[in-house]
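So the chains spell out like this:
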Amino acid sequence: MSQAAPYAFAYHQILVAISGSVCLFGTWVGMRHFARARATRGSTRVGWLFLASVGTGAALWASTFISILALDASLNSGFEPVATGVVLLVAIVACFLGFEIGSRHFTLAPEAGGLVIGAGILVMHFIAFKSWHIEGRVEWNSFGVAMTFLLGLGLSALAVNRANRPVTRWCRHGAAVVLAFMICAMHYALTASAATIADPSMLLPAYVIPAHVLGLAVFGAILLVMGSGFSTYVIDMKIRTESADRIHQLSFNDSMTGLPNRIAFNERLAFDAADAHERAQQLAAFSINLDGFKVVNDMFNHSTGDLLLIEVAERMRRRLGPGEFLARQGGDEFLGLQMSGNHPRDAEAFAERIAGVFAQPFQVGDQQVRLTASIGYAIFPVDTPDRDQMLSNARLAMDRGKSKQRGLICRYHQEMDDTARARRALARDLQSAAARGELELHYQLQATLADGKTCGAEALMRWHHPKRGMISPAEFIPLAEETGAIVAMGEWALRTACRDAAEGRIPGTVAVNLSPLQFGRDDLADVIHAILLETGLSPRRLEVEVTESTIMSDQSRGLHILRKLKAMGISVAMDDFGTGYSSLATLHAFPFDKIKLDQSFVKRLPGDAAAAAIVRTVLKLGESLGMPVLAEGIETAAQWEFLRSEGCARGQGYLFARPASLRQLPDAIEAAARFASDEPPAKAFARARAAT
Ligand code: C2E
Ligand code: MG
Ligand code: MG
């Protein structure tokens, strides 16, 4: 038998063009569906993945066979029926798995998904060529085949990478082009690695499907791809119009401010997140919270508070631009959304615009009220790939800013999550801190400024954390207030301080701080009464310190409790005076036994003229109301001298004594006595002045 010469393929140009177009259209439809899958969850996601894989798989299948048919019409060939079906199945399954993996959120998910699709396409081609029978033999060039495989895998990983990490809106189309190009390139690289040797003696098996029958099946697949593409496009458009209508319906649901409500916000968020993903844009979610609004509400009445909220909402609404959305979550919290043009400053500029609303004071009757808002935001998908997390992340950022300072704009960072987690762990530990004996009271002595003599001590809580060591009350008291642990801790502090004082270890009165939460309980006076009975301390030697916010949360109730305590003979001090909101009103409403001037003013003495003026005013006020003033945070002799000469009765600060444990307290008392006798502060001050 004579050896036939190798046969070079003569491509059918029109079929080649059809094959490329089918492939491109199918992958483009597939990428659209894939984008939808990425932005949805649960069964909807699986549905989109299924559509994406059927569309793309059928297109791959059709284009593969068209391009094989395009090899040479004159070549007598046929296809094995089962293998032809298996090729379709492999294509769909590989696409499904690839898209499934690619739409997950782990680091190299897109690339891993792409590799799966690439591998599937290779297997598909392998089976397709295997199922292809010609009257002759096919010889493969192994180097060409290996290069084809590498090219195929690399390009498909690149395609899913582009689809999943879009940098511009064109990336999605780029992904379809890369995938289509990869399939075509692989197919033709594979055929270029093959040579056929015609051999008329090799007859086609009887069971193969003739080329024209397969052509019909391919035609059916093309219709399937086009049909699925078109119908999902129609459904998609319909869903968009419907959800836009629903958003509109739900839009004006907050009856008070006329702003959209939380439900409308959630709908809009879902809609915009899908759109942002589709168009490779960024979407920012904002949490906007008014600072100290509760105090304003308590100061005026609730209907005035409502009027203020309406005005705030109206001002913010007027500042909205295109693609921006504002809703009211409830209370004094608002929510914002901004579809941005991908500029890094877009979201920040929106937040600044909203913050600008508060630059002008608000008019309440004949009074002006200044408000600020803390704003937190998170950007999808840069900060938060999961759209459901956007709002909680924005809120986390807002809380973080608020805890530092009023009126801050704060963007979400991953570390905030870590901090929040650490805070939760700390809160858990705090629940059992008292029971495990990790809490301790330190005492800071207080003095009369005229002679420097000790007149009492303030109990200050300390927490020895088993792992973190000593934690400042500035950190754990707010946490204990958030979780409610402060109630038990505060009771423990009262009992311990009263016991220590009753045992004669603390000179004069012992002052204990009370938290607003302790005030919220009806049994506070009974608890204190029981503690006094239990420890045997005279009520005359107990002083409780309250801040304005403690009383303001429910003024009439707060004052009622204070009166009860006073009736028992316990003295009441107003702590941190000058930092609250309605200082004068509170002082008028209740006869405090002492005003504790906040250390923020004392710190600036004596050089700062404004602080000096405030301190003088407070001292005059105390005098006219018959309430002695105790200055907190005295650190220098100059501060001591200034306060003494201005008539301030008492003081507390590092100059006189630092907070000391019960064990160190005798030494501190001794040092304080030396301070009073050996070196009276006035003398120390005169000496310091002479030295300069
Ligand atoms: P506070 O009641 O205003 O206590 C005074 C704070 O000022 C204490 O901080 C004290 O150590 C600090 N201090 C005193 N003298 C000076 C000074 O000369 N310079 C400076 N820079 N600071 C000075 P500490 O112990 O960190 O307590 C912070 C806050 O934690 C307290 O402020 C109080 O509000 C709260 N706190 C402490 N113990 C308790 C407690 O048992 N119950 C409740 N509810 N709150 C507590
Ligand atoms: Mg205090
Ligand atoms: Mg204080």
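Structure: see above.
A few points on the structure. It should be emphasised that the depicted structure is a prediction, and the values quoted were computed from it without experimental measurement.

## Let's talk about the coordination of the magnesium ion (ligand 3)
Octahedral metals with six donors have ideal donor angles of 90 or 180 degrees. Tetrahedral metals with four donors have an ideal donor angle of 109.5 degrees.
And step 1. Those protein atoms acting as donors to the magnesium ion (ligand 3) are Asp 575 (OD), Asp 576 (OD), Glu 632 (OE) and Glu 632 (OE), and they sit at 2.0 to 2.5 Å.
And step 2. One chain supplies every donor to the magnesium ion (ligand 3), and in sequence these donors are spaced D-D-x55-E.
And step 3. Separating the magnesium ion (ligand 3) from the magnesium ion (ligand 2) is a distance of 3.9 Å, and Asp 575 supplies a donor atom to each of them. Of this pair, Asp 576 sits in strand S19 (residues 571–577) while Glu 632 sits in strand S21 (residues 629–632); the two residues are 56 residues apart in sequence, bridging distant segments of the chain.
And step 4. Taking relative accessible area as the criterion, Glu 632 reaches 7% and is therefore assigned buried.

## Regarding the nonpolar core
The tendency in soluble globular proteins is for nonpolar side chains to be buried as a group.
And step 1. Formed by 80 residues in total, the largest nonpolar core has its most connected members in Tyr 443, Ile 528, Leu 542, Leu 562, Phe 592 and Leu 643.
And step 2. Per-element tally for this core: the top contributor is helix H15 (residues 486–502), with eight residues.
And step 3. Ala 37, Trp 61, Ala 128 and Ala 175 belong to the second-largest nonpolar core, a separate cluster that totals 51 residues.

## Focus on the sheet that holds strand S9 (residues 333–340)
And step 1. Spatial ordering of the open sheet is given by S8-S9-S7-S12-S13, a layout of five strands whose pairing is mixed. Taken across any chain shown, the strands that pair with only one partner, and hence form the sheet edges, are strand S8 (324–330) and strand S13 (409–411). Looking at each pair of strands side by side, their axes are set apart by 20 degrees on average, direction ignored.

## Regarding the coordination of the magnesium ion (ligand 2)
And step 1. Within the protein, the atoms that donate to the magnesium ion (ligand 2) are Glu 458 (OE), Asn 513 (OD1), Glu 545 (OE) and Asp 575 (OD), at distances of 2.0 to 2.3 Å.
And step 2. Mapped onto the sequence, the residues coordinating the magnesium ion (ligand 2) show the spacing E-x54-N-x31-E-x29-D.
And step 3. On the basis of relative accessible area, Glu 458 is assigned to the buried category, the value being 3%.

## Considering the site of ligand 1
And step 1. Contacts to ligand 1 come from 22 residues, most closely from Gln 444, Asp 575, Gln 599, Glu 635 and Tyr 654.
And step 2. At 2.9 Å from a nitrogen atom of ligand 1 is found a side-chain nitrogen or oxygen belonging to Gln 444.
And step 3. The backbone of Met 461 places a nitrogen or oxygen atom 3.0 Å from a nitrogen atom of ligand 1.
And step 4. Contact with the protein chains hides 83% of the accessible area of ligand 1, taken as 790 Å² for the molecule alone.
And step 5. Secondary-structure elements contributing two or more residues to the shell around ligand 1 are strand S15 (454–465), helix H14 (473–483) and S19.
And step 6. If one sorts the elements of the shell around ligand 1 by residue count, S15 sits on top with four residues.
And step 7. Tallied by class, residues from the shell around ligand 1 come to nine nonpolar, six polar and seven charged.

## With respect to unusual backbone geometry
And step 1. The amide bond that connects Phe 380 to the next residue, Pro 381, takes the cis arrangement and shows omega of 0 degrees.
And step 2. Residue placement: Pro 381 occurs in the loop between strand S12 (373–380) and helix H12 (390–404).
And step 3. Omega for the bond connecting Leu 605 with Pro 606 falls within 30 degrees of zero, at -5 degrees, which places this linkage in the cis form.
And step 4. Here the phi dihedral of Asp 576 falls at roughly 50 degrees; this positive angle occurs in a residue that is not glycine.

## Overview of the packing of helix H2 (residues 42–69) against helix H4 (residues 109–130)
And step 1. At their nearest, the axes of H2 and H4 sit 11 Å apart, and the two run at 40 degrees to each other. The angle between H2 and H4 places the two elements in the oblique class. Every pair of crossing elements has a handedness; the one defined by H2 and H4 is right-handed. When H2 is examined against H4, the residues Leu 60, Trp 61, Thr 64, Phe 65 and Ile 68 are found in contact with a partner set consisting of Ile 121, Met 124, His 125, Ala 128 and Phe 129.
And step 2. In terms of residue class, the contact of H2 with H4 is made up of eight nonpolar, two polar and no charged.

## Concerning the pairing of strand S18 (residues 542–546)
And step 1. Of all the five residues making up S18, five are buried; the element is thus mostly covered by neighbouring parts of the structure.
And step 2. Looking at chain direction, strand S17 (residues 509–513) and S18 are connected through four bridges and run parallel. Within the sheet, the bridge partner assigned to Val 510 lies in S18 and is Leu 542.
And step 3. As judged from the four bridges shared by S18 and S19, these two strands associate in the parallel manner. Following the sheet pairing, Val 546 is matched in S19 by Met 574.

Rules of the game
- Residues numbered from 1 in each chain as written.
- Chains lettered and ligands numbered in written order.
- Predicted model: local features only at pLDDT ≥ 70, side-chain atom pairs only at ≥ 80, totals over all residues.
- Heavy atoms only, no water.
- Donors = N, O, S within 2.8 Å, 3.2 Å for Na, K, Ca; no water.
- Helix = DSSP H or I, 4+ residues; strand = E, 2+ residues; numbered from the N terminus.
- Buried < 20%, exposed > 50% of the residue type's maximum accessible area, 1.4 Å probe, protein only.
- Core = buried A, V, L, I, M, F, W, Y, C linked by side-chain atoms within 4.5 Å.
- Pairing = 2+ DSSP bridges.
- Axes fitted to C-alpha atoms, helices over the stretch in contact; angles between N-to-C directions.
- Near = heavy atom within 4 Å.
- Polar contact = N/O pair within 3.5 Å; in protein donor to acceptor, adjacent residues only side chain to side chain.
- Areas by Shrake-Rupley, 256 points an atom, 1.4 Å probe, with all protein chains shown as cover.
- Nonpolar A, V, L, I, M, F, W, Y, C, P; charged D, E, K, R; others polar.
- Parallel < 35°, antiparallel > 145°, perpendicular 65-115°, else oblique.
- Left-handed = near helix turned anticlockwise from the far one by under 90°.
- Contact = heavy atoms within 4.5 Å.

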